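Structural characterization, general
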Amino acid sequence: MTDRQRTLIALIPMGVVVMLLATTIVIWGADSIAGSSQVALLVGAGVCMALSTWLYKTPWKAFEKAIMENIGEVAIAILILFMIGAISGTWTASGVVPAFIYYGLKIISPKVFLLTACALCAIVSVMTGSSWSTIATVGVALLGIGRAEGFSDAMTAGAIISGAYFGDKISPLSDTTVLASSVNKVDLFVHIRYMMLTTVPSFVITLIIFTILGLTHGGGSGDEMKVYSSVLSSTFHITPWIMVVPAFTGYLIWRRKPAVLVLSLSALAAAIAAIFLQPDIIKSIGSGVTEGSNARVYFAGIIESIYNSVSIETGNADVNQLVSSRGMVGMMNTVFLILCAMCFGASMKASGMIADLARIMAPLTRTRTGLVTSTVVTGTGMVGMVSDQYLAIILTSNLYRDTYEKEGYEPRLLSRSVEDSATVTSPLFPWSSCGMTQATILSVPTLVYAPFSFFNLLSPMMSILMAIIGWKIIRRKQEKS
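Heads up: these notes are all about the structure in this document. Keep in mind the model is a prediction, meaning the values are calculated, not measured. (Residues numbered from 1 in each chain as written. Predicted model: local features only at pLDDT ≥ 70, side-chain atom pairs only at ≥ 80, totals over all residues. Heavy atoms only, no water.)

What follows is about the overall build of the chain. What the chain contains, in helices and strands, is 24 helices and zero strands. The C-alpha atoms of the chain give 23 Å as radius of gyration, which agrees with the globular expectation for 481 residues (23 Å, within 12%). For the chain, the spread of C-alpha atoms along the principal axes amounts to about 70 × 60 × 50 Å. Looking at the chain as a whole, 57% of its 481 residues qualify as buried. Considering only intrachain contacts with a sequence separation of at least 6, the fraction spanning at least 24 residues in the chain is 76%. About 19400 Å² of surface is accessible on the chain, with carbon and sulfur atoms providing 67% of the total. Where the 31 positive side-chain charges of the chain centre and where its 26 negative ones centre are 11 Å apart. (Helix = DSSP H or I, 4+ residues; strand = E, 2+ residues; numbered from the N terminus. Rg over C-alpha atoms; globule rule 2.2 N^0.38 Å. Buried < 20%, exposed > 50% of the residue type's maximum accessible area, 1.4 Å probe, protein only. Contact = heavy atoms within 4.5 Å. Areas by Shrake-Rupley, 256 points an atom, 1.4 Å probe, with all protein chains shown as cover. Lys, Arg positive; Asp, Glu negative; His and termini not counted. Charge placed at Lys NZ, Arg CZ, Asp CG, Glu CD.)

Turning to the pattern of salt bridges, a few remarks are in order. By the definition in use, this model includes four salt bridges. Among the salt bridges present, the one from arginine 6 reaches aspartate 356, with a minimum N-O distance of 3.2 Å. In this pair, arginine 6 is assigned in helix α1 (residues 3-28) and aspartate 356 in helix α18 (residues 353-361), connecting sequence segments 350 residues apart. Of the residues examined, aspartate 356 reaches a relative accessible area of 2% and is grouped as buried. In this structure, aspartate 420 engages lysine 169 in a salt bridge whose closest nitrogen and oxygen atoms are separated by 2.3 Å. Remark: lysine 169 occurs in helix α8 (residues 153-170) and aspartate 420 occurs in helix α21 (residues 411-423); sequence separation between them is 251 residues. (Salt bridge = Lys/Arg side-chain N within 4 Å of Asp/Glu carboxyl O.)

Okay, helix α5 (residues 96-106) next. Burial within α5 is extensive, with nine of its 11 residues counted as buried. Considered for burial, the residues of α5 that qualify are Val96, Val97, Pro98, Ala99, Phe100, Ile101, Tyr102, Gly104 and Leu105.

What follows deals with the packing of aromatic side chains. Two measures describe an aromatic ring pair: the distance that separates the ring centres and the angle between the ring planes. Evaluation of the coordinates by the stated rule reveals nine aromatic pairs. Taken together, a centroid distance of 6.2 Å and an interplanar angle of 85° make the contact between phenylalanine 203 and phenylalanine 455 edge-to-face. Taken together, the positions of phenylalanine 203 in helix α10 (residues 188-215) and phenylalanine 455 in helix α24 (residues 454-469) put the pair 252 residues apart, joining distant regions of the chain. Across the pair, exposure class does not vary: phenylalanine 203 and phenylalanine 455 are buried alike. The rings of Phe166, Phe203 and Phe455 are connected pair by pair, giving a single aromatic cluster. For the cation-ring pair, arginine 6 lies above tyrosine 56, with the distance from its terminal atom to the ring centre recorded as 4.2 Å. Over the ring of tyrosine 194 we find arginine 416, and its NZ or CZ is 4.2 Å from the ring centre. (Phe/Tyr/Trp six-rings, centres within 6.5 Å; stacked < 30°, edge-to-face > 60°. Lys NZ or Arg CZ within 6 Å of the ring centre and 35° of its normal.)

See below:
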């Protein structure tokens, strides 16, 4: 069988997955992550296994081994994802997230609204690790404020999405950041620090652009900001002391402690802070679970905020969304998707079809610039083909891992190139899960806000530019035979 024939066969399971994922997106929209996308991946894995067994006589044991290896590689990532869910709950219940939103809203000035909106979404996204949650909460509030102050929905939505995805990329709480680093076997904080070389310049340019655009517009009274601030301060005990928790977390990160340890201790610190600073909030959460002594109710409230989705009643429906958390339970769909994606990736790997697909891009990978460029193009193209950033990260990583190793480049270059493309471009495709979700949440069509999502547009180009320059790109010396 020729290489061309093998490549065409390798496109069959990929085509099946693309077709099924596109169908599930059309039918279920953003809810496709709840199960239908996972089924599509498993069907694609089945098609791959059937073709490989029939045409290549691949033994079943090879698939089992590949699946166990792939899932084993993301075992720590799954644990980190659950800890991210725990922090989502404890940081909200303790007042950390509300305090960040409260203080952030205080600094918004109409003359620099777009700049502040972008920066505020970045801060909240870093703290929560979720671009979706940031856009659905702070983003919706900022969109209303922007309309009141005369800014176009396209500009405001572009600022919101740019900030949210910047924060999502550099946050150790982000599921996509955890996934990109773990799939490529790169320490989480090493991955984040290396991404700063492309992410920070892109974000600085983005802030400059939004500053210029914002200064050309007038401003309003900002009454809505006052309402949000008032509701948050009346519901939570907003105090600078709560910043001890993120400061403690930052200290652990600075000391380069393992990600699981950092997240676990951060969740524990937030839980302790919640008991002392937000006793009424914890009591209200716990009283819905159990009755009895205060100790029993507080214990139930803390545990509930760690593992379960919690909504805190503030008397304002919009603010209720701001202070809702998903807990560990909220991570289950993502974990489910990752497991199914790893099964699909394992089947493609065991059958050799990953290598067959990589052969298409082989002529472009002989130079540093060509290798990074092809990775970025593939990562972006994967999002457009499979409509999902998680799968795009996994598939692109699997396609290029051996090539980066063979050429002597560090795996952190691959993990950064994948994130610079597969993660940040996901909301720019109208048919992707991210694009459909953000357009629905903000009520702004994807193609309307996309031209103003400057960070998302600049990030892939910055990755290629850094490859051209060669800054901090280290290549191991090839051993002489």
